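# Geometric and topological summary
Single-letter residue listing:
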Amino acid sequence: MKVKVISRSTDEFTRERSQDLQRVFRNFDPSLRTQEKATEYVRALNAAKLDKIFARPFIGAMDGHRDSIKCMAKNPNYLKGIFSGSDDGDIRLWDIASRRTVSQFPGHQGAVQGLTVSTDGGIVVSCGSDCTVRLWNVPDATLADSDNLSDNSAKACLFIYSCISAKNKFHCYRSKQTTTCIFQPLAVYVWKNAFRAVDHQWDGDLFATAGAQVDIWNHNRSQPVNTFDWGTDTTISVRFNPGEPNVLATSANDRSITLYDLRMSSPARKVIMRTKTNSIAWNPMEPMNFTTANEDCNCYSYDARKLDEAKCVHKDHVSAVMDIDFSPTGREFVTGSYDRTVRIFQYNGGHSREVYHTKRMQRVFCVKYSCDASYVISGSDDTNLRLWKAKASEQLGVVLPREKKKHEYLEAVKNRYKHLPEVKRIVRHRHLPKPIYKAANLRRTMIEAERRKEQRRKAHSAPGSIVTVSVRKRRIIKEVE
Amino acid sequence: MGAKQENGDDKMDEKVKKYLRGEAANLEGLQDKKLKGQLAVREELYGKSAKAAAKIEKWLLPSEGGYLEAEGIEKTWRIKQESIVREVDILSSRNQYDIVLPELGPYTLDFTLNGRYMAAAGRKGHLAIVDMKTLNLIKEIQVRETVRDVVYLHNELFFAAAQKKYPYIYNRDGTELHCLKEHGAVLRLQFLKNHFLLASINKFGQLHYQDVTMGEMVGNFRTGLGRTDVMQVNPFNGVVALGHSSGTVTMWKPTSAVPLVKMLCHPGPVSSLAFHPNGHLMATSGKEKKIKIWDLRKFEVIQTLPGHANTLNFSQKGLLAAGTGSFVQILADFSGSQNYSRYMSHSMAKGYQVGKVLFRPYEDVLGIGHSMGWSSILIPGSGEPNFDSWVANPFETSKQRREKEVHSLLDKLPPETIMLDPTKVGTVRATRKKEKPTKEEREAEMEAAVEAAKDTVFKTKTKGRNKPSKRARKGKEIIDRAKRPFLEQRIEEQVSRKKQKTNMETEMPKSLQRFVR
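Residues numbered from 1 in each chain as written. Chains lettered and ligands numbered in written order. Predicted model: local features only at pLDDT ≥ 70, side-chain atom pairs only at ≥ 80, totals over all residues. Heavy atoms only, no water.

Along chain A, the regular secondary structure elements total eight helices and 32 strands. Counting only C-alpha atoms, chain A reaches 100 × 80 × 45 Å along its principal axes. Within chain A, contacts between residues separated by at least 24 positions form 50% of all contacts whose residues are at least 6 apart in sequence. Split by element, the accessible area of chain A, about 23600 Å² in all, is 50% carbon and sulfur. Put simply, chain A has 77 plus and 54 minus side-chain charges, and the middle of one group is 7 Å from the middle of the other. (Helix = DSSP H or I, 4+ residues; strand = E, 2+ residues; numbered from the N terminus. Contact = heavy atoms within 4.5 Å. Areas by Shrake-Rupley, 256 points an atom, 1.4 Å probe, with all protein chains shown as cover. Lys, Arg positive; Asp, Glu negative; His and termini not counted. Charge placed at Lys NZ, Arg CZ, Asp CG, Glu CD.)

So this is what it looks like as structure tokens:
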């Protein structure tokens, strides 16, 4: 007879020395594990609860401006810095890590309406309601990163040297523990009308300003090289396409969104909606899509090739959406609205994934997603810039590989069971300030009532006489060539 | 070569099927394109992971299972333990022994989940813990009372003994930790490992469930079917099955006072019960000398075998051990078609009465507790050769044991998750399958009836009885009469639905109404 019996020798299954790792053997047979789904459900529930325990999105506020902050710009070459411009003409460069002002760029007489940074990170362009466009040199980023120097005087010396090397007239002063450089502009161009927005071309030398018309400027010319005009209303925002450097989108006061192509020297397409668009952002990963922040509390995503219908409608704000910015991954975008909240949406999601609010944060006028997709910066009416985490319960700092794996597993198991009632209740729960909660309820009742009436009208009339327009088309009046 | 390859492919397909854990979802009927896309991606990922797991099983598992093949005219059930011991290696031959302890009564045993430790209890009060790897006696105590059953809790540190008046929980050092007074005089104990519940059945036929982490009594029910000492837990779904003297087997869960299932298995009393680890097979034996194998999905008999069985047990690989008198028989299904036939047998010395047979997890060993002590015999092919360290590790260190305890406590399942089909968690409750017409069908029927009513032609009356208002009223009456049965049905349904809803709401916690029908 042939016989074999299971016999395991201890040395094969245990470690040899105490410095070795313990041996681990895996058998993925499902019959060894009973009640897997119930265990996963319990883990999903615990993961949802832990998420909520660790959800502390607010990192800090950057204090310094003396008037409400209207515009922000991020330097694509330097993660730690952000520019902000306020209503009293004060432009500052902030260091996000220490949350302090690094440089100031005074000069504008009125409100700073637009800020943008060139793609190589060397020049900041600002425009204001004093009809001027100013160009500034950005201080050398690496030398400004002098956290490891304890001596303040040493810091000051370094700044002086960097500024001299930039061939700039400067005035350096010390205030308490910090050293803030004050710069003078590289160039000041005066033009005919007040400006509302500015944006720089990607990988190019041109920038566009929006005001009574859209002007295209070159760095070295004191007059615009080109002007676009379609209609009689002021243009209030402008954005260049990241993938196609000659295409730009603008929005105007006549509730329209216009796409221009610089090579054709004439406007390409126009969409007129029911309400004004406050801001536009192109998706950096899918450059043919852009999302607009509208005055009717929604954001609309469009495909630039097909403007007769919105790709997606993002609803959750209760007041006008003032600004919008995409994450560099192209998967999410952040919006700031007049209703004092900042919301983060998925690029194809109809509702927001996250909402941030504070008692001290008033009307949010500008938002930016940081270039490493981890932080969100909001500038608001109460003269503060606020720094938030993009994922509220994310662990900052260095995450060990095992921790990372565990976080990923918990996220995956939570997403698998997030439709079940108990888990859904915990995952969805967000505290909202009472006025926003009440406003949202009111909007919901109004929209429901409208919908019900429409349904009844349809049910009681001849079939086919009343046509329902889809939500994606409803807010568009017409498309013009 | 081609045929061999095909064979290999078939085997891989089977393995892949095992890891897929069910059928793929049917995405044809979905209208939502976004959802369809997301689900299609998920299904593809499932396929990939199942294939990867099947490959690992084929190439990377460290050990192979045991086997016993007879040569020539030999039959496997005639092979004695002595001849097997002569053929295997020294380490395995140490696993075949008889321990004779005649004074302290019939012995019953329990193994920990990893098969490393054994607790033995003699009827006259002898409790012993043995380390099976080194055959070391860790601790033995004499409690000076009748001990009817012993069961390990989640690891080797704690075990519960059903003593004369109450069950007690002891430490590995023999220290008495708890006296569970609420259970009463317990005849059998079972431990549900995923839920940390200790289930017991006592002299009066009362079933108790106690959570051993917090000490909370989760349920106690009067079975109403008298005294019974046949109790097993189904490891697949956590339901406790009791076999009664009327021949019925009832299955219980801790959240309902009424059994889930009541099935008549034998014309006489049920003498023993065992569950297959895959959860689909159950073996029962009755006093009328029959052993029946049941399919638990359809609750039908698959096979009836002749023979007595005082005690039954399934191994990890599906071998069935039946013990009666001083004879133990092992049955196996060779073809995988759930047709059990004789595999091995073992008869002990005449005076020994087999009380309990229990397969040792992850080893090819059968432990037999009998009236003169306990024995251990070798059954090749009964144990799972490859263990998973995160599930049960026979070579566990104390640090690993502590970590595992903490993780299993974090994953402790609430008692509401015990149900007959554990894969239902997280699914959407299916619509009722009665032959009730759907709403659209009913409306269509109603419309059809109304049209038919409208088509009736009235007899034109004379002598001033043909007023147009009367005709209109008559027409309306006929239409209402046609509609009435449908409206009545609708009202009836609404009332019954409301009643059911309130019924269910009172019975079930609110958040779990979705899971249980």
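There is more to say, and it comes next.
Let us look at the sheet that holds strand 22 (residues 300–306) of chain B. Residues and elements named next belong to chain B. Strands sit in the order 19-20-21-22 across an open sheet of four strands; the sheet is antiparallel. Every interior strand has two partners, whereas the edge strands, strand 19 (270–275) and strand 22, have only one. Sheet twist, expressed as the mean angle between neighbouring strand axes with direction ignored, is 20 degrees. (Pairing = 2+ DSSP bridges. Axes fitted to C-alpha atoms, helices over the stretch in contact; angles between N-to-C directions.)

The next thing to look at is the packing of helix 2 (residues 36–53) of chain A against helix 6 (residues 421–428) of chain A. All names here are of chain A. Interhelical geometry of helix 2 versus helix 6 gives an angle of 15 degrees and a closest axis separation of 9 Å. Between helix 2 and helix 6, the interaxial angle falls into the category roughly parallel. Crossing angle aside, the handedness with which helix 2 passes helix 6 is left-handed. Residues Y41, A44, L45, A48, K49 and K52 of helix 2 form the contact with helix 6, whose own contacting residues are E422, V423, I426 and V427. (Parallel < 35°, antiparallel > 145°, perpendicular 65-115°, else oblique. Left-handed = near helix turned anticlockwise from the far one by under 90°.)

Let us now look at the nonpolar core. All names here are of chain B. Ranked by internal contacts, the top residues of the largest apolar core, which has 27 residues, are L207, Y209, V240, V249, M251, M263 and M282. Every element with two or more residues in this core is listed here: strand 12 (197–202), strand 13 (206–211), strand 15 (230–233), strand 16 (240–243), strand 17 (248–252), strand 18 (261–264) and strand 19. Apart from the residues lying within four places of it in its own chain, the contact partners of V249 are A241, L242, G243, V261, K262, M263, C265, V270, L273, M282 and T284. L68, I79, V365 and I377 belong to the second-largest nonpolar core, a separate cluster that totals 25 residues. (Core = buried A, V, L, I, M, F, W, Y, C linked by side-chain atoms within 4.5 Å. Buried < 20%, exposed > 50% of the residue type's maximum accessible area, 1.4 Å probe, protein only.)

A few words now on the sheet that holds strand 17 of chain B. All names here are of chain B. Overall, antiparallel pairing links the four strands, which are arranged 15-16-17-18 in an open sheet. Each end of this open sheet is capped by a strand with a single partner; those strands are strand 15 and strand 18. Averaged over neighbouring strand pairs, the angle between their axes works out to 20 degrees when direction is ignored. Sheet topology places strand 16 next to strand 17; four bridges connect them, and they run antiparallel. The residue bridging A241 from the neighbouring strand is M251, located in strand 17.

For the structure shown, the criterion picks out 40 salt bridges over all chains. Put simply, E363(B) and R8(A) hold a salt bridge, and the shortest N to O gap is 3.5 Å. Of the two residues, E363(B) is situated in the loop between strand 27 (354–359) and strand 28 (365–370) and R8(A) in the loop between strand 1 (2–4) and helix 1 (10–13); the pairing between them involves two chains. A residue is classified by how much of its surface remains accessible, and E363(B), at 7% relative accessible area, is buried. (Salt bridge = Lys/Arg side-chain N within 4 Å of Asp/Glu carboxyl O.)

This part covers the side chain of S378(A). Residue and element names in this part refer to chain A. Within the secondary structure, S378 sits in strand 30 (residues 375–380). A polar contact is formed between the side chain of S378 and the side chain of W388, at a distance of 3.2 Å. Filtering out sequence-adjacent residues up to four positions away, S378 remains in contact with M72, V342, M361, V364, C366, V367, N384, L385, R386 and W388. (Polar contact = N/O pair within 3.5 Å; in protein donor to acceptor, adjacent residues only side chain to side chain.)

Glancing now at the pairing of strand 9 (residues 167–171) of chain B. Residues and elements named next belong to chain B. Counting buried positions along strand 9 gives five out of five residues, so the element sits mostly inside the fold. Residues P167, I169 and N171 point to one face of strand 9 and Y168 and Y170 to the other, with burial holding for every one of them. Here five bridges tie strand 8 (residues 158–163) to strand 9, and the two strands are oriented antiparallel to one another. If you follow F159 over to strand 9, its bridge partner there is Y170. Connecting strand 8 to the next strand, strand 9, in antiparallel fashion are three residues. Pairing geometry for strand 9 and strand 10 (residues 176–179), over three bridges, is antiparallel. Within strand 10, the residue paired with I169 across the bridge is H178. Between strand 9 and strand 10, which pair antiparallel and follow one another directly, the connecting turn spans four residues, one of which, G174, has a positive phi of 85 degrees.

Below, the discussion takes up the packing of aromatic side chains. For the coordinates displayed, the defined rule picks out 30 aromatic pairs over all chains. For the pair F83(A) and F105(A), a centre-to-centre distance of 5.9 Å together with 45 degrees between the ring planes defines the contact as tilted. Highlighted residues: F83(A) in strand 4 (residues 81–86) and F105(A) in strand 6 (residues 100–105), separated in sequence by 22 residues. Summarising the burial analysis for this pair, F83(A) and F105(A) share the class buried. Look at F314(B) and Y340(B): their rings are 6.1 Å apart centre to centre, the planes differ by 75 degrees, and that puts the pair in the edge-to-face class. (Phe/Tyr/Trp six-rings, centres within 6.5 Å; stacked < 30°, edge-to-face > 60°.)

What follows is about the confidence of the model for chain A. All names here are of chain A. Looking at chain A, the pLDDT average stands at 89 and 92% of residues meet or exceed 70. The least confident element of chain A is strand 10 (residues 170–175), whose mean pLDDT is 44; the most confident is strand 27 (residues 342–346), at 97. Here residues 146–177 is a poorly scored stretch, pLDDT under 50, and it has 41 contacts once near neighbours within four places are set aside; other chains count. (pLDDT = per-residue confidence, 0-100.)

A word on the confidence of the model for chain B. Averaged over every residue, the pLDDT of chain B is 90; the share at 70 or more is 97%. Predicted complex, confidence summary: ipTM 0.81, pTM 0.84.

For residues besides glycine, phi is generally negative; the peptide bonds are generally trans as well. Residues and elements named next belong to chain B. Phi is positive for F196, close to 60 degrees, though the residue is something other than glycine. The exposure class assigned to F196 is buried, which follows from its relative accessible area of 2%. In this structure, Q338 takes a positive phi of about 60 degrees despite not being glycine. As for its position among the elements, Q338 is in the loop between strand 25 (327–332) and strand 26 (341–347). Assessed through its relative accessible area of 24%, Q338 is described here as partly exposed.

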